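Each chain, letter by letter, is given below.
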Amino acid sequence: MMGIRGWGSVVLIIVVAVMLALPLVVKNSFAIEIFIRVLLFAFIGSAWNLLGGYAKQLSLGHAAFFGLGAYTSTLMQIDLGISPWIGMVTGAAVALMASLPIGWLCFRLRGPYFAIATIATANVLMLVFLKFRDFAWGAEGTTIPNLGHAPLMMQFETKIPYYYIVLGLLAIALLVTWWIERSRVGYYLVAIGEDEDAAEAVGVDVPKVKRNIYMISAFLTGMAGTFYTQYIYFIDPQTAFNFNISIEAALVSIVGGVGTLWGPVIGTILLETTSALLQSWLGNSIGGVQLTVYALILMAVILWRPTGIMGYLVEMYGRRIHTSPAEAG
Amino acid sequence: MLETIVQAVINGLLIGGIYALVSIGVTLIFGVVKIVNFAQGEFVMVGMYITYFLATQFGLDPILSLVVSMPVLFVVGVLIQHTLIRRVLGLNDLPQIFLTFALSLLLMNLALMLLTANYRTVHTWYSDEALHFAGLYVPVAKLIAFILAMFLSGLLWVFLHATDLGKAMRAASQNREVAQLMGINPHRVFAVALGIALALAGAAGSLLMPFYPAYPLVGQVFVLMAFVAVVLGTLGNVIGALVASLLMGVAESFGIQFIGADSGLIVVFLMLLTMLAVRPGGLAGGRRR
């Protein structure tokens, strides 16, 4: 008889196998695009979740790191001819460095005011990139030169390689989360999320733990920025620092279940599937439909299921374990 | 040069009056209910569309439509308190922040969906009028908006200090438990606070309409300004929010005058971040709640 852990590994292996085989079976490029979006936002959501879900530092400014990652790799590629693969890591490092001053400022505030301060930092960065034209193309942005099939420059002729890249990124984020969840730091984060003052009182170095998790979260989000720019072959301040990126990072985690490994993944699947369905029914002609529906889902989750879908699943699963002997008897 | 500076100060003060109406609302809700209303700007937007509708359908002057927009939004505020906010009181930060945040997203995108992204303007006989003296220029519509905004702020101050309900609200904001022990019904007080705050946002919408276009995302400009002003003026403090809003207006106006037309917001954000850097102690309410 296998334990829960054993079944868990079987399910995981099946999920991984399905994810790896998916582009070989599904040839529809619209479907592949949706898969890439789901994986990308699950990745960004997982990065957000480390800070927002476990430590409950509710950032609404993760677009800052996304944009910095995107701009760093693009500047390196266009001005210096350096491969975006190197640019992705450098961009992520820039995002990580940026999280230090941003965190230094914003962690002085708590709760809603932390959220507002992070909105302000992302906005300042966007306005700076809009304003200083000589530095990075200003408001017009730039297209990434298309080199055709150039794997070393992260450019491919089909969408399938992008799928595997972002799948790999998500796998990294999930492994990092899994590892942190089980480490001492994971418990520190949850303690901070529950009550900062109490965590401090029992000897957790709160500022240091928050700083470190912010750095990891920013690093991962920066990588997403490079990937996205390479994927759409275009960058401008409005796309790179778009507030919707900050919103969606938080939303997928909250809907899926904050502070859980799979929450952001499940949340993204739900939200992005809904959005793809809406798009295919209504087309792109009516603006605002997608976010209206997202807002309604978010409200419903907050009012009726504050622990998100994961919380609901855990509750259902737990009930089954408890009631099954009675049912059997 | 001096003239340019004085002109920038005047421009800043005039728009600062509108910012004051929005930030007083935010600070009132925060002080009494202990919730940050991310959707406050969207109620300005609702106020603007109500005013636009009344002006185009019935030819009602935007200033006169205050008598409609304010009561309507007061009722909306009471309803929102009873149906939504009441349910997340006493919970942790996450539901409290994201409930009003979701409300803001919902209102913005509903407006985008139903009313399109087009800019809507109302032209009145005083929209293009201006007073000229000593080389200075004061647009009449903005002057009227400023005067009425100050009048409404003053009225609120009198209400908070001279009426029983107002005193109950101040008591609830100072110490909720003790206020409750003194027989103050918190839910009634909360509902009135939400109602008044939204009525002020509605008033801001009506007053803006003669010189500012309505569009679905218009609230964002005002809510960001209000957040900065509210933090600057110490949270939950009405007079502080008023003074800070006027300052924000002047700072933004200096940014526009001396750096460039699109840099007003940069100046405002930089002010917020600088303030966080140099005197986080001044943000008492933001650190300990």
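Sequence order as written defines the numbering, with residues in each chain counted from 1. Just so you know, chain letters begin at A and ligand numbers begin at 1, following the order they were written in. In view of the model being predicted, local features appear only for residues whose pLDDT reaches at least 70, and side-chain atom pairs are presented and counted only at 80 or more, with totals across whole chains, interfaces and linings using the full set of residues.

Looking at the overall build of chain B
For clarity, the cut-off: Only DSSP runs of H or I covering at least 4 residues are called helices, and only runs of E covering at least 2 are called strands; the numbering of each starts at the N terminus. Radius of gyration means the value over C-alpha atoms here, while the globule rule gives 2.2 Å times the residue count to the 0.38 power. Residues are defined as contacting one another if the C-beta atoms placed from their backbone atoms lie within 7 Å.
Assigned secondary structure in chain B consists of 12 helices and two strands. Order of helices (α) and strands (β) in chain B, N terminus to C terminus: α-α-α-α-β-β-α-α-α-α-α-α-α-α. In summary, chain B has a C-alpha radius of gyration of 19 Å against a globular reference of 19 Å for 289 residues, a match within 12%. Taking the principal axes of the C-alpha coordinates as reference, chain B spans close to 60 × 50 × 40 Å. In chain B, once contacts between residues fewer than 6 apart in sequence are set aside, the share between residues at least 24 apart is 77%.

Quick notes on the overall build of chain A
Counted only if it meets this: Residues are called buried when their C-beta atom has 20 or more other C-beta atoms within 10 Å, exposed when it has 12 or fewer, and partly exposed otherwise; all C-beta atoms are positioned from the backbone.
Tallying secondary structure elements over chain A gives 15 helices and two strands in all. Relative to the 2.2 N^0.38 estimate, which gives 20 Å for 329 residues, the radius of gyration of chain A is 20 Å and therefore close to what a compact globule would have. Along the longest, intermediate and shortest principal axes, the C-alpha atoms of chain A span 75 × 50 × 40 Å. Relative to its 329 residues, chain A shows a buried fraction of 46%. Considering only contacts within chain A whose residues lie at least 6 apart along the sequence, 76% involve residues at least 24 apart.

What about the environment of Thr4 of chain B?
Relative to the assigned elements, Thr4 of chain B resides in helix 1 (residues 2-33). Spatially, the C-alpha atoms of Thr4 of chain B and Phe254 of chain B are 9.7 Å apart, while their sequence positions differ by 250 residues.

Describing the confidence of the model for chain B
Residue and element names in this part refer to chain B. What counts is decided by this rule: What pLDDT expresses is the predictor's confidence in each residue, scored from 0 to 100.
Scored by pLDDT, chain B has a mean of 86; 95% of the residues are at 70 or more. The weakest mean pLDDT in chain B belongs to helix 12 (residues 284-287) at 41; the strongest belongs to helix 2 (residues 40-58) at 94. A low-confidence stretch, residues 282-289 stays under pLDDT 50, and its non-local contacts, those more than four residues away or across chains, total 17 contacts. In the predicted complex, the global pTM is 0.87; the interface-specific ipTM is 0.87.

Notes on the nonpolar core
Inclusion rule: Connectivity within a nonpolar core runs through C-beta atoms within 7 Å, and the core itself is a set of buried Ala, Val, Leu, Ile, Met, Phe, Trp, Tyr and Cys residues.
If you look at the biggest cluster of nonpolar residues, it comprises 197 residues, and the most contacted ones within it are Phe43 and Val166 of chain A together with Leu21, Val22, Ala193, Ala204 and Val228 of chain B. Counting residues per element, this core draws most heavily on helix 8 (residues 186-208) of chain B, at 16 residues. When neighbours within four sequence positions are excluded, Val166 of chain A is seen to be in contact with Ile36, Leu39, Leu40, Phe43 and Phe227 of chain A.

With respect to the environment of Ala145 of chain B
All names here are of chain B. With respect to the helices, strands and loops of the structure, Ala145 is situated in helix 5 (residues 140-162). With 27 C-beta atoms packed within 10 Å, Ala145 lands in the buried category. Considered as a pair, Ala145 and Ala8 are 137 residues apart in the sequence and their alpha carbons are 17 Å apart. Aside from chain neighbours lying at most four places away, what touches Ala145 is Gly17, Ile18, Leu207 and Leu208.

Things to note about the interface of chain A and chain B
Across the contact, 34 residues belong to chain A and 34 residues belong to chain B. Secondary structure elements with two or more residues in the side of chain A that touches chain B: helix 5 (111-131) and helix 14 (289-304) of chain A.

Focus on helix 4 (residues 93-115) of chain B
Residue pairs three or four apart in sequence face the same way in an α-helix, which turns once every 3.6 residues. The condition is simple: Here the expected length of a helix is defined as 1.5 Å per residue gap, with one fewer gap than residues.
Here helix 4 of chain B contains 23 residues, and its C-alpha end-to-end distance of 33 Å stays within 8% of the 33 Å for a straight helix at 1.5 Å per residue. Backbone geometry just after helix 4 of chain B places Thr116 of chain B at a positive phi near 65 degrees.

Let's talk about unusual backbone geometry
Glycine aside, residues mostly have negative phi angles, and peptide bonds mostly take the trans form. Residues and elements named next belong to chain A. Phi at Lys56 is positive, roughly 55 degrees, even though this residue is not glycine. By the element assignment, Lys56 lies in the loop between helix 2 (29-54) and helix 3 (63-80). For Met154, which is not glycine, the phi torsion reads 55 degrees and is therefore positive. Here Met154 lies in the loop between strand 1 (142-143) and helix 7 (160-182).

A look at the packing of helix 9 (residues 218-232) of chain B against helix 11 (residues 264-278) of chain B
Residues and elements named next belong to chain B. This is how it is decided: Orientation is described by axes fitted as lines to C-alpha atoms, over the contacting stretch for helices, and by angles from 0 to 180 degrees between their N-to-C directions. Working rule for angles: under 35 degrees goes down as roughly parallel, over 145 as roughly antiparallel, 65 to 115 as roughly perpendicular, anything else as oblique. A clockwise turn of the near helix away from the far one marks a right-handed crossing, whereas an anticlockwise turn of less than a right angle marks a left-handed crossing.
Packing of helix 9 against helix 11 leaves a shortest axis separation of 10 Å and a crossing angle of 30 degrees. By the angle class used here, helix 9 and helix 11 are roughly parallel. When the axes of helix 9 and helix 11 are compared, the crossing they make is left-handed. Residue-level inspection shows Met225, Val228, Val231 and Leu232 of helix 9 in contact with helix 11, the latter providing Val268, Met271, Leu272 and Met275.

Some remarks on the pairing of strand 2 (residues 136-139) of chain B
Put simply, the rule is: Any two strands with at least two DSSP-identified bridges between them are counted as paired.
Bridging between strand 1 (residues 130-133) of chain B and strand 2 of chain B involves four bridges; their strand directions are antiparallel. Bridge assignment links Phe133 of chain B to a residue of strand 2 of chain B, and that residue is Leu136 of chain B.

Side note on the environment of Ala63 of chain A
Residues and elements named next belong to chain A. Its place among the elements puts Ala63 in helix 3. Residues Ala63 and Val258 lie 195 residues apart in sequence; the distance between their C-alpha atoms is 19 Å. When residues no more than four places from it in sequence are discounted, the contact partners of Ala63 are Ala122, Phe241, Asn242, Phe243, Ile245 and Ser246.

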